[in-house]
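# An overview of the molecular structure
One-letter residues, chain by chain:
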Amino acid sequence: EGVTDRGFEQRRGARCASEMVGVHPVGGVGERWSRALWEETQDWCLAQQNCTGVMLYVGRDTMNCHYWCARPQFCSGPIVSDADLEESK
């Protein structure tokens, strides 16, 4: 899927090791993921001095999706190597 026009690259099956716990400034429970929300998510991250990446829920559990499919999570540490990532199932 490449790199977005804002410089974000998708890495499937991985979570950043430096999650900004409890930070959910865009999206919300029960909302639907959209192109506009993805753009807002990237813009928010770029506007923060300590935001280094975005994590999106990609699981198949309906209840988890209700809470997380439109609530991106953010990373606060550098993502330079695989050591900065955790496996996601």
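Just above sits the structure.
What comes next is a walk through the structure. In this text the structure is predicted, and so the values were computed from the model without any measurement.

### Things to note about the packing of aromatic side chains
Within the structure shown, the criterion is met by 3 aromatic pairs. Between W33 and W38, the aromatic rings sit 6.1 Å apart at their centres with planes inclined by 50°, giving tilted as the arrangement. The partly exposed category is assigned to W38, whose relative accessible area is 23%. With 4.5 Å between their ring centres and 50° between their planes, W44 and F74 make a pair best called tilted. Residue W44 is located in helix α1 (residues 35-47), and its partner F74 is located in strand β3 (residues 73-75); the two are separated by 30 residues in the primary sequence. Among the residues examined, W44 registers a relative accessible area of 21% and is labelled partly exposed. Site record: aromatic cluster; members linked through ring pairs are F8, W33 and W38. Here R71 stacks its cationic end above the ring of W68, 4.5 Å away from the centre of that ring.

### A short note on the layout of surface pockets
There is about 1,000 Å³ of room inside the largest pocket. Lining of the largest pocket is provided by 34 residues; of these, Q10, R11, V54, M55 and L56 occupy positions nearest its centre. Class assignment of the residues belonging to the lining of the largest pocket gives a composition of 16 nonpolar, 11 polar and 7 charged.

### A closer look at the pattern of salt bridges
Following the criterion strictly, the structure yields 4 salt bridges and no others. Between D43 and R6 there is a salt bridge; the shortest N-O distance is 2.6 Å. Taken together, the positions of D43 in helix α1 and R6 in the segment before β1 (14-16) put the pair 37 residues apart, joining distant regions of the chain. By relative accessible area, R6 is classed as partly exposed at 25%. Of the charged contacts in the structure, one is a salt bridge between E19 and R15, with a shortest N-O distance of 2.6 Å. Classification of R15 by relative accessible area gives partly exposed; the value is 25%. Salt bridges linked by common partners bring D5, R6 and D43 together as one network.

Cut-offs applied
Residues numbered from 1 in each chain as written. Predicted model: local features only at pLDDT ≥ 70, side-chain atom pairs only at ≥ 80, totals over all residues. Heavy atoms only, no water. Phe/Tyr/Trp six-rings, centres within 6.5 Å; stacked < 30°, edge-to-face > 60°. Buried < 20%, exposed > 50% of the residue type's maximum accessible area, 1.4 Å probe, protein only. Helix = DSSP H or I, 4+ residues; strand = E, 2+ residues; numbered from the N terminus. Lys NZ or Arg CZ within 6 Å of the ring centre and 35° of its normal. 1 Å grid on protein atoms, 1.4 Å probe; cavity = no way out; pocket = protein on both sides within 12 Å on 5 of 7 lines; lining within 4 Å. Points joined across faces, edges and corners; volume = space filled by probe spheres on them. Nonpolar A, V, L, I, M, F, W, Y, C, P; charged D, E, K, R; others polar. Salt bridge = Lys/Arg side-chain N within 4 Å of Asp/Glu carboxyl O.

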